[in-house]
Amino acid sequence: MVPSMAVTILERSQHVLAKVEVSGGGRCNCTNSFAHVTDLSQVYPRGHRLLKRLFKVFDYRAGYQWFESHGVRLVTQDDDCVFPALQDSHAIINCFLSEAKRHQVEIRMGAKVNALDDVTDYDFVAVCTGGSPQASGLQWLADAGHEIVKPVPSLFTLSIADRQLTELMGTVVEPVQVMIPGTKFRAEGPLLITHWGVSGPAVLRVSSYGARHLSEADYQVPLSINWTGGKEPEVMEQLQSIVAQQPQKQLQTVAPCGLPTRLWSYLLTKTLGERSKNRWQNLNQKELNRLVNTLTNDVYMTAGRAAFRDEFVTCGGISLADVNPATLESRHVPNLYFAGEVLDIDGITGGFNFQAAWTTAYVVATAIKMKAENGN
């Protein structure tokens, strides 16, 4: 902060940091340890090249340290997600509000900006509006010469019109591999069966990777699920082992690959029909092959998308070609900066989107500070 600089936040709603509040089920997955990330493209389908550069200025380690140095103790889960130790998003919110108060930042609620003419009284402007569901929400920035990459939803669950599957709602399967056949879009992780279809990290990730493809297909695509997370030969070996060691057992009483019993019963009936009531020793090779195929490549047609609670992420926004990659200043309007999801940057679930927000915000704040101090 520049001591002599007055900072004003123009908040359109009557509630600041609403997205932070609902993140992570109200716990706020504020960043990630990146312990198993070898390339940023693995977790940022869009914007990874720019973030690689910006992370040299302020990365996840700097973010972790910033929160802890400002009184928010963090904990890292086994899945690398980072949360406040209090497991409450208000720990993050209160930290930000406390800092704003300490620096005498004015927060104006219900302040809607419709055009750049609305902010001409300010020497520097940072646009941190988050993603816009429609391109029309960014029209005021397009009118100033910026290219808008069409926004489309990312990080959403998928509907599947299979009543017998959705009757298994509440069932969690891990690890699962999910992919969209005919594409490179695939993801691994826990999968949750819901009353409308499928959710969980694996589905959210594949929705992020394939956001544009899914939008163009009107969210009706084949979805392949490998319920075991393993390869066909491995699954076949496990089934053959059950046949050899427990031949007299009923098929439905011995679930392979650690599958939940209800799911195994559903998959059996779906694959073998009345033959699912047989014993393991009565399976023939053709039936074993069919079971392996169902377990490793179970295909469903999606019937639309569903919002994931109140969290909503978009891919698209201000084209990265329209900003200075070192400062995130507009190439069209001097002293206008962009940070967060309003840029064409988005990540998969796991704290990556918030880290992109912290990183870009830090870079913008630093750039404004340097420019103000230099009197430019």
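The text that follows walks through the structure, step by step, so that each part is easy to find. (Residues numbered from 1 in each chain as written. Predicted model: local features only at pLDDT ≥ 70, side-chain atom pairs only at ≥ 80, totals over all residues. Heavy atoms only, no water.)

1. What about the side chain of Thr314?
Consideration 1: One can find Thr314 in strand β14 (residues 313-318).
Consideration 2: The buried category is assigned to Thr314, whose relative accessible area is 1%.
Consideration 3: Excluding its chain neighbours within four sequence positions, the residues that come into contact with Thr314 are Gly131, Ser132, Pro133, Val152, Pro153, Ser154, Glu341 and Asp346. (Helix = DSSP H or I, 4+ residues; strand = E, 2+ residues; numbered from the N terminus. Buried < 20%, exposed > 50% of the residue type's maximum accessible area, 1.4 Å probe, protein only. Contact = heavy atoms within 4.5 Å.)

2. Things to note about the side chain of Asp80
Consideration 1: Relative to the helices and strands, Asp80 is located in the loop between β3 (74-76) and β4 (81-84).
Consideration 2: No salt bridge is formed by the buried Asp80; the nearest opposite charge belongs to Arg205, separated by 8.1 Å.
Consideration 3: Polar contacts involving the side chain of Asp80 include one to the side chain of His36, which spans 2.6 Å.
Consideration 4: Discounting residues that sit within four places of it in the chain, Asp80 has contacts with Asn32, Ser33, Ala35 and His36. (Lys, Arg positive; Asp, Glu negative; His and termini not counted. Salt bridge = Lys/Arg side-chain N within 4 Å of Asp/Glu carboxyl O. Polar contact = N/O pair within 3.5 Å; in protein donor to acceptor, adjacent residues only side chain to side chain.)

3. A look at the pairing of strand β9 (residues 172-179)
Consideration 1: Taken together, the six bridges between β9 and strand β10 (residues 186-193) define a ladder with antiparallel strand orientation. Looking at β10, one finds that Val173 is bridged to Leu191.
Consideration 2: Between the end of β9 and the start of β10, which pair antiparallel, lie six residues, with Gly182 showing a positive phi angle near 85°.
Consideration 3: Taken together, the three bridges between β9 and strand β12 (residues 222-226) define a ladder with antiparallel strand orientation. Residue pairing in the sheet places Gln177 in a bridge with Asn226 of β12. (Pairing = 2+ DSSP bridges.)

4. Points about helix α10 (residues 261-272)
Consideration 1: A rise of 1.5 Å per residue sets the reference length of α10, with its twelve residues, at 16 Å; its end C-alpha atoms lie 16 Å apart and thus fit the reference within 8%.
Consideration 2: Those residues of α10 not exposed but buried are Leu263, Trp264, Tyr266, Leu267, Leu268, Thr271 and Leu272.
Consideration 3: In this structure, the buried residues of α10 make contact with α6 (163-166), β9, β10, α11 (285-296) and β13 (298-306).
Consideration 4: Positive backbone phi, approximately 60°, marks Gly273, located one or two places after α10. (Expected span 1.5 Å × (residues − 1).)

5. Digging into the environment of Asp162
Consideration 1: Within the fold, Asp162 resides in the loop between β8 (157-160) and α6.
Consideration 2: Sequence separation of Asp162 and Gly197 is 35 residues, and the distance between their C-alpha atoms is 7.8 Å.
Consideration 3: A polar contact of 3.1 Å, which involves the side chain of Asp162, links it to the backbone nitrogen of Gln164.

6. Some thoughts on a nonpolar patch on the surface
Consideration 1: A surface patch of nonpolar side chains, amounting to about 280 Å² of accessible area, comprises Ile9, Leu97, Ile107 and Met109.
Consideration 2: Note that Ile107 resides in strand β5 (residues 106-109). (Patch = residues over 30% accessible without salt bridge, like charges linked within 9 Å, V, L, I, M, F, W, Y side chains within 5 Å. Areas by Shrake-Rupley, 256 points an atom, 1.4 Å probe, with all protein chains shown as cover.)

7. What about the sheet that holds β12?
Within a beta sheet, neighbouring strands are joined by backbone hydrogen bonds and run either parallel or antiparallel to one another.
Consideration 1: Spatial strand order, β8-β11-β10-β9-β12-β13: six strands in a closed barrel with antiparallel pairing. Looking at each pair of strands side by side, their axes are set apart by 50° on average, direction ignored.
Consideration 2: Pairing analysis gives two bridges linking β10 to strand β11 (residues 197-199), with the strands arranged antiparallel. From the neighbouring strand, Leu192 faces β11, where its bridge partner is Ser199.
Consideration 3: Packed onto the sheet, helix α7 (residues 201-209) meets β8, β9, β10 and β11 and runs at close to 135° relative to β10.
Consideration 4: Across the sheet, α11 touches β12 and β13, and the angle it forms with β12 is around 110°. (Axes fitted to C-alpha atoms, helices over the stretch in contact; angles between N-to-C directions.)

8. Thoughts on the packing of aromatic side chains
Consideration 1: Applying the stated criterion across every chain, the model contains 15 aromatic pairs.
Consideration 2: For the pair Phe67 and Trp358, a centre-to-centre distance of 5.6 Å together with 75° between the ring planes defines the contact as edge-to-face. Of this pair, Phe67 sits in helix α3 (residues 60-69) while Trp358 sits in helix α12 (residues 352-373), placing them 291 residues apart in sequence.
Consideration 3: For Phe67, a relative accessible area of 2% translates into the label buried.
Consideration 4: With a centroid separation of 5.3 Å and 90° between ring planes, the pair formed by Phe156 and Tyr219 is classed as edge-to-face. One end of the pair, Phe156, is in the loop between β7 (148-154) and β8; the other, Tyr219, is in the loop between α8 (211-216) and β12, with 63 residues separating them in the sequence.
Consideration 5: You can call Phe156 buried: its relative accessible area is 2%.
Consideration 6: Members of the aromatic cluster, each reached through a chain of ring pairs, are Phe34, Tyr44, Phe55, Tyr60 and Phe352.
Consideration 7: Residue placement shows Arg305 over the ring face of Tyr219; its charged tip is 5.4 Å from the ring centre. (Phe/Tyr/Trp six-rings, centres within 6.5 Å; stacked < 30°, edge-to-face > 60°. Lys NZ or Arg CZ within 6 Å of the ring centre and 35° of its normal.)

These figures come from the coordinates and say nothing about function on their own.
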